[in-house]
Amino acid sequence: MATLQTQEMELNMGPQHPSTHGVIRFILHTDGEVISQCKPDVGYLHRSIEKIAERCTYNGFMPYTDRVDYVAAMNANHAYALAVEKLAGIACARRAELLRMITAELGRISSHLIAVGTMAMDVGAVTPFPYALRERERVNDLLEEICGARLTFNYHRIGGVGWDMPEGWDKKVRKYCDSYDKVLEEWDRLITKNHIFVERLVGVVAISAADAIDFGLSGPNLRASGVDFDLRRDVPYALYSEMKFDIPVGVDGLGVVGDSYNRFVVRVEEMRQALKIVRQCVAKLPETAGEDPVPKPKNFKVKPNECYVRTEAPRGEMGIYVVSDGSDKPWRYRARTGSFTAMGMVEHVAPGILIADLVALIASFDVVAPEIDR
Amino acid sequence: MKAEEIHQRLQACLPDGVGDLHTECTDPWIAVRPGAIAAVARVCKEDPELRFDFLSNLSGVDAKESILVVYHLYSYALRHSAVLKVEVPKAEPATQTVTPVWRGANWFEREAFDLFGVRFDGHPDLRRLLLPEDWEGHPLRKDYVFPTHYGGIDNTRDYNL
C-alpha cells in the first residue's frame, strides 16, 4: 500500500493544556498524528526570581526559593542554604543538617509522587493519581507539623533550620517510613507492572546516555538513560557521604534503557531509596539531642566571592551560582534547574514521534513550568 | 585534575585563547578571550585529559563595566570540574556559541541573550526565551530600567489613593 501524504498542519498545544504541567506552550507541525517540528514556547511563569534575589538580603530571599520549584520547595531551600553557607563560610549544626536532609528527602518523595501520578494520568491511567495524592497528603502532614506549611515551606535557613522538630516528630516519620513500603508494593501492583501501562511506554523516546549528557539532562532523566551518577553519592554535600543508599539506573528489562518507562521506574525506585536515607537520618537524630539547630536571625555581609553548588533535586541537578560583592545582598543569584535542560531537549527529540507520545515524553521528563521559567 | 592542572593543560593547547587562572574566590576560574571560547570549549570536551562532557551551567553576570559569561563544566568520565569566564563589553556584548560542542548550551545561550543581551555568534536559533519577543531591554543587567507600561497597560501603582 502506498503511503498517504497529508498536508502538514500547524497545531497549538497549550499554554492551558492538562498535560503540560503548568503553563507551557508547544507549537507543533504535524503530518497526521506524527510531529515534524516542535517548538516549545516557555516563559509564562517567568517571575524573574534571579533579579528579585539581587534586591533581597541573603536571609530574606529564602521564601522566594520555594517558588523556584514549588512542587519540591524543600529541595530548593536546601540548595540555596548550602550555596550561601559555602559562599560565606557559615557552619551548619549537625542536627539542623539532619533535619534538612529528612525534610528534603520527604520532599523528594512527595515530588516524585506527583511525577509518577501525573505521568500515569497523562498516558490514560486516571486511577493511580488520587492514590499518589493521598500519599502526598501524608507527607505534607509531616512537613506541616515541622514548619506549618504544605507547599512553600520556607523551612531551611542559612546555617540551620527555622525551627527544631516538635516532640515525637521523629517517631511519626519512622512510622510513616514503615507504612510506606506497603504503599510502594501496592503502587507496583497498581501501575508499575500493569501490562497496558508498560506497553504504552516501552521504547517511547529512548534517549542514549551520550545524548542525555550532551543535552545536559540530569537527575532521574539522566539515570534512566543508564548513567550511574548521583550528586548525593558522587559529589556529596550535606551529610550524604555518611548515608548508604542505592542509585537506580535504567536497564533493559521490561523497558529499554533511556525510554519513558525507565524514567518512570527510576522515580519509583528513588522513593524507596529516599526512605532509606530518611530512616538513617532519623536514627542519627538522638546523637544530636541538645544541639540548637536554629541560627540567630541576623543580617550579614559577605566579602566579594563566588561559588557554585550542585545539588540533587527531584527534577535533576539544581545548581546554585551565587556571587557576592561585600554587601548584605547577593550580587547575582542563578539557579540552574533540571526542568530547564530537559525542556530544551524536547524540540530535538520530538520530530518523528506521535502527538500522544509527546505527552508521554514531557510527563516522563517531569518538567514543571516554574522551574523552567523561574 | 586540579584547577591548576586544567589551566596548564588548556594553556598548553591554546596559548592565545586562554588567560589567567583566578584563585581568589571559593571556585577558581579560568579567563578565556571572547574570540577563543568555541575553540577552548572544543578542547575542553575532546582533550583526553580534560573530557568535560557536561555543561552544567551557562549564565551571565553583570560586572559593572562589562558582562561576564560564565561556564560551569563537569566531566562524568573523569569527575572533575572547571569554571570558564568570558568578558564581553557592555556596549557590544558578543561572543561565540558553544552549542556545536554541547547541544544543551542552546537554551542557556538563548536565556543569556534574553536577560543580558549577549549575542552568541553562530547560534542556530538566537531568540528571546523567557520574555515576550517585543520586550525592551535585558532585565538582569544592573542598569535595567523597570518599565512603567507593557502593551499599553500601566503597571505602576499610586499608593496615595
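Remember, predicted model here, so these are calculated numbers, not experimental data.

We now examine the overall build of chain B. Scanning chain B for helices and strands turns up 3 helices and 9 strands. Counting from the amino terminus, helix and strand elements in chain B follow one another as α-β-β-α-β-β-β-β-α-β-β-β. Across its three principal directions, the C-alpha atoms of chain B cover 65 × 35 × 25 Å. Out of the 161 residues in chain B, the part that is buried amounts to 52%. A fraction of 47% describes how many contacts in chain B between residues 6 or more apart in sequence connect residues 24 or more apart. For chain B, the accessible surface area stands at approximately 7,600 Å², while carbon and sulfur atoms represent 51% of it. The positive charge centre, built from 18 side chains, and the negative charge centre, built from 25, are 4 Å apart in chain B.

Moving on to the nonpolar core. One finds Leu358 of chain A together with Tyr71 of chain B to be the most contacted residues of the largest nonpolar core, which totals 159 residues. In terms of residue count, helix α4 (residues 94-122) of chain A provides more of this core than any other element does, 11 residues in total. Setting aside residues no more than four positions away along its own chain, Tyr71 of chain B makes contact with Ile37, Leu55, Asn57, Leu58, Ala82, Val83, Leu84, Val86, Gln96, Val98 and Phe120 of chain B. Membership of the second largest hydrophobic core comes to 11 residues, among which are Cys25, Trp29, Val70 and Val83 of chain B.

Glancing now at the packing of helix α12 (residues 338-349) of chain A against helix α3 (residues 105-116) of chain B. Relative orientation of the contacting elements α12 of chain A and α3 of chain B amounts to 115 degrees, with a least axis distance of 8 Å. Our classification of the angle between α12 of chain A and α3 of chain B gives roughly perpendicular. In this structure, the crossing between α12 of chain A and α3 of chain B has a hand that is right-handed. Residues Phe340, Thr341, Met343, Gly344, Glu347 and His348 of chain A of α12 of chain A touch α3 of chain B, and the partners they reach there are Asn106, Trp107, Phe108, Arg110 and Glu111 of chain B. Counted by class, the contact of α12 of chain A with α3 of chain B contains 4 nonpolar, 4 polar and 3 charged residues.

The next thing to look at is the pairing of strand β1 (residues 18-22) of chain B. Residues and elements named next belong to chain B. Bridging between β1 and strand β2 (residues 29-32) involves 3 bridges; their strand directions are antiparallel. Opposite Leu21, over in β2, you have Ile30 as the bridge partner. Hairpin connection from β1 to β2: 6 residues lie between these consecutive antiparallel strands.

What counts, and where the lines are drawn
Residues numbered from 1 in each chain as written. Chains lettered and ligands numbered in written order. Predicted model: local features only at pLDDT ≥ 70, side-chain atom pairs only at ≥ 80, totals over all residues. Heavy atoms only, no water. Helix = DSSP H or I, 4+ residues; strand = E, 2+ residues; numbered from the N terminus. Buried < 20%, exposed > 50% of the residue type's maximum accessible area, 1.4 Å probe, protein only. Contact = heavy atoms within 4.5 Å. Areas by Shrake-Rupley, 256 points an atom, 1.4 Å probe, with all protein chains shown as cover. Lys, Arg positive; Asp, Glu negative; His and termini not counted. Charge placed at Lys NZ, Arg CZ, Asp CG, Glu CD. Core = buried A, V, L, I, M, F, W, Y, C linked by side-chain atoms within 4.5 Å. Axes fitted to C-alpha atoms, helices over the stretch in contact; angles between N-to-C directions. Parallel < 35°, antiparallel > 145°, perpendicular 65-115°, else oblique. Left-handed = near helix turned anticlockwise from the far one by under 90°. Nonpolar A, V, L, I, M, F, W, Y, C, P; charged D, E, K, R; others polar. Pairing = 2+ DSSP bridges.

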